[in-house]
Amino acid sequence: MLEQRPFATVISEPPSFQQAFERLLTRAPGPVFPRARALYLQKYPLEGEPQGDFRTFLLEEDIQESPVGALRIRALAMAIVAWGQPRFDAAAAATYLQQRWGLRPHDLQEVEGASWFRDSGAYGRFSSLAVYERAAPTSLISSSADPGPPAADPGSGA
């Protein structure tokens, strides 16, 4: 007879700052749709399903795209929003960034007189290293950069 053992509890850690950044940009509309992209980035935080008093957003980005479609996006500025709060507490925001993301931004500062998207709360800005890269998408259509014509069709008798 088999001995019954309790099931192990699997505890998954929240994603790192870089992983959350990559997940956000993987789901965001592409740079070719700037209005939809801006709306998405103002609405969806890095936390995914956030809980608590703060939420982290991508505020400014540098987008580089190669002629063949490879993409590199670098965060220039991030926003930390005191969700639903009319005042921004920089000390509490710094504590949140340290505990949630392991970040200690040296340039965290309140954006005075402004509220995040749709009056979601006062916010601050900071910079942090985060980069998202995507290789060029593959295509089934030949391009002028292809090395040669496709092989002869097996049914053509050539």
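Figured I'd write up the structure that's included with this text. (Residues numbered from 1 in each chain as written. Predicted model: local features only at pLDDT ≥ 70, side-chain atom pairs only at ≥ 80, totals over all residues. Heavy atoms only, no water.)

### Things to note about the nonpolar core
Counting 28 residues, the largest nonpolar core has F21, L46, L58, I80, L97 and W101 as the members making the most contacts within it. Contributions of two or more residues to this core are made by α1 (17-27), α2 (34-43), β1 (54-65), β2 (71-82), α3 (90-101) and β4 (122-126). The contacts of I80, once residues within four sequence positions are left out, are F54, R55, F88, A93, Y96, L97, L108, A122, Y123, G124 and F126. Ranked by size, the runner-up nonpolar core spans seven residues in total, among them A79, V81, V111 and Y123. (Core = buried A, V, L, I, M, F, W, Y, C linked by side-chain atoms within 4.5 Å. Buried < 20%, exposed > 50% of the residue type's maximum accessible area, 1.4 Å probe, protein only. Helix = DSSP H or I, 4+ residues; strand = E, 2+ residues; numbered from the N terminus. Contact = heavy atoms within 4.5 Å.)

### Things to note about the packing of aromatic side chains
Throughout the structure, instances matching the rule amount to six aromatic pairs. With a centroid separation of 5.6 Å and an interplanar angle of 35°, the aromatic rings of F54 and Y96 are classed as tilted. Note that F54 is positioned in strand β1 and Y96 in helix α3, a separation of 42 residues in sequence. Here F54 and Y96 have matching classes, each one buried. Joined through ring pairs, the aromatic side chains of F57, W83, W116 and Y123 make up one cluster. A cation sits over an aromatic face here: R100 above W101, 4.0 Å from the ring centre. (Phe/Tyr/Trp six-rings, centres within 6.5 Å; stacked < 30°, edge-to-face > 60°. Lys NZ or Arg CZ within 6 Å of the ring centre and 35° of its normal.)

### Overview of the packing of α1 against α2
The N-to-C vectors of α1 and α2 enclose an angle of 140°; their axes lie 10 Å apart at closest approach. As judged from the angle between their axes, α1 and α2 are oblique. As for how α1 packs across α2, the hand of that crossing is right-handed. Of the residues in α2, those in contact with L24, L25 and R27 of α1 are R37, Y40 and L41. In terms of residue class, the contact of α1 with α2 is built from four nonpolar, no polar and two charged. (Axes fitted to C-alpha atoms, helices over the stretch in contact; angles between N-to-C directions. Parallel < 35°, antiparallel > 145°, perpendicular 65-115°, else oblique. Left-handed = near helix turned anticlockwise from the far one by under 90°. Nonpolar A, V, L, I, M, F, W, Y, C, P; charged D, E, K, R; others polar.)

### Side note on the pattern of salt bridges
One pass over the structure, following the stated rule, counts four salt bridges. A salt bridge links D62 to R74; the nearest nitrogen and oxygen atoms lie 3.9 Å apart. Here the residue D62 occupies a position in strand β1, and R74 occupies one in strand β2, the gap between them amounting to 12 residues. For R74, a relative accessible area of 37% gives the class partly exposed. Between R72 and E133 there is a salt bridge, with the nearest N and O atoms lying 2.5 Å from each other. With R72 in strand β2 and E133 in strand β5 (residues 131-134), this pair connects stretches of sequence that are 61 residues apart. Here R72 falls in the partly exposed class, since its relative accessible area comes to 40%. Of the residues examined, E133 reaches a relative accessible area of 49% and is grouped as partly exposed. (Salt bridge = Lys/Arg side-chain N within 4 Å of Asp/Glu carboxyl O.)

### Some thoughts on the layout of surface pockets
Rolled over the atoms, a probe with the dimensions of a water molecule shows which regions are left empty. Here the largest pocket defines a volume of roughly 190 Å³. Along its surface, the largest pocket is lined by P34, R37, A38, L41, Q42, L58, L59, E61, I63, W116 and F117. When contributions to the lining of the largest pocket are tallied by element, the ones reaching two or more residues are α2 and β1. At five residues, α2 tops the list of elements feeding residues into the lining of the largest pocket. When grouped by side-chain class, the residues that make up the lining of the largest pocket number eight nonpolar, one polar and two charged. (1 Å grid on protein atoms, 1.4 Å probe; cavity = no way out; pocket = protein on both sides within 12 Å on 5 of 7 lines; lining within 4 Å. Points joined across faces, edges and corners; volume = space filled by probe spheres on them.)

Structural measurements only, silent on function.
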